[in-house]
Amino acid sequence: MSEQRAVILASGGMDSATAAAVAQDAGYELYMLHTSYGQQTESKEYECAQAQAEAFDAADFLHLTTDHLSKIGASSLTDDEMDVEEADLESDEIPSSYVPFRNANLLSMATSYAEANDCEAVFIGAHSEDFSGYPDCRPEFFEAFQQVVDVGTKPETEISVEAPFVELSKTDIAERGLELDVPYEHTWSCYREEAPACGTCDACAFRLQAFQNLGERDPIEYAERPDYTEL
């Protein structure tokens, strides 16, 4: 029986890297898809995604450059005229870093890639602390997108949209990743800088907090390492 295949939406970050490890642990051969869409740290994210593909011995690594999201704008990740906000881990508001409907764009490309390569699943690393602020990270979104995949692909195609962390926290993800020896030194989360990570944007704060909650040191370099365990 041939090994099952899965596409991993490989952002270069720790969540998608952990999703890749979970998929590989479940027996999937990995087809890793990375997209550069004009985000501020796209060079570093691409570098990390490439390093992860090598570390996981992925069957294939596809890099797509799509600039339509940056041309559309309305996100501090892609618009130079918008500042990336300081971390606010208690906020339920949609942050300026939200890229309008990004995950639908990315999942559409991943589904095309999966169908072309006879893959049975598409993995995305979205988690519970994302969907309070990002509407395209909610469980309902992934359930709805599964219906889109089911009706929009060939009759014989069966692709499962997998969001294994959608009910988990960042700390839960880090704990699982450490168990699976995820190469976190080859991941990047910072929204602002390509080196060192700022340590004070939302993405850095959630990441640092996860490692701090576990009593572990995040292996990447930071300009600042605030203590987020009291928040």
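Reading the values: rules and limits
Residues numbered from 1 in each chain as written. Predicted model: local features only at pLDDT ≥ 70, side-chain atom pairs only at ≥ 80, totals over all residues. Heavy atoms only, no water. Core = buried A, V, L, I, M, F, W, Y, C linked by side-chain atoms within 4.5 Å. Buried < 20%, exposed > 50% of the residue type's maximum accessible area, 1.4 Å probe, protein only. Helix = DSSP H or I, 4+ residues; strand = E, 2+ residues; numbered from the N terminus. Contact = heavy atoms within 4.5 Å. Phe/Tyr/Trp six-rings, centres within 6.5 Å; stacked < 30°, edge-to-face > 60°.

Visitor: In this structure, what is going on with the nonpolar core? I would like to understand it.
Guide: Most often, soluble globular proteins have nonpolar side chains that are buried together. Ranked by internal contacts, the top residues of the largest apolar core, which has 44 residues, are Val7, Leu107 and Phe142. Elements that contribute at least two residues to this core include exactly β1 (5–9), β2 (29–36), α4 (102–116), α6 (139–152) and α8 (202–213). Top element by residues in this core is α4. It accounts for seven residues. Once you skip the residues sitting within four places of it in the chain, leucine 107 turns out to touch Leu9, Val122, Ile124, Phe141, Phe142, Phe145 and Val161. Listed in part, the 21 residues of the second largest apolar core include Ala10, Ala20, Ala58 and Val182.

Visitor: Would you mind showing me how to read the packing of aromatic side chains here?
Guide: Each aromatic ring pair is described using two quantities: the centre-to-centre distance and the angle formed by the ring planes. Evaluation of the coordinates by the stated rule reveals seven aromatic pairs. With centroids separated by 6.2 Å and ring planes inclined at 75°, the aromatic side chains of phenylalanine 101 and phenylalanine 141 adopt a geometry described as edge-to-face. Here the residue phenylalanine 101 occupies a position in the loop between α3 (68–72) and α4, and phenylalanine 141 occupies one in helix α6, the gap between them amounting to 40 residues. Geometrically, the ring pair formed by phenylalanine 141 and phenylalanine 145 is tilted, given 6.1 Å between the ring centres and 40° between the ring planes.

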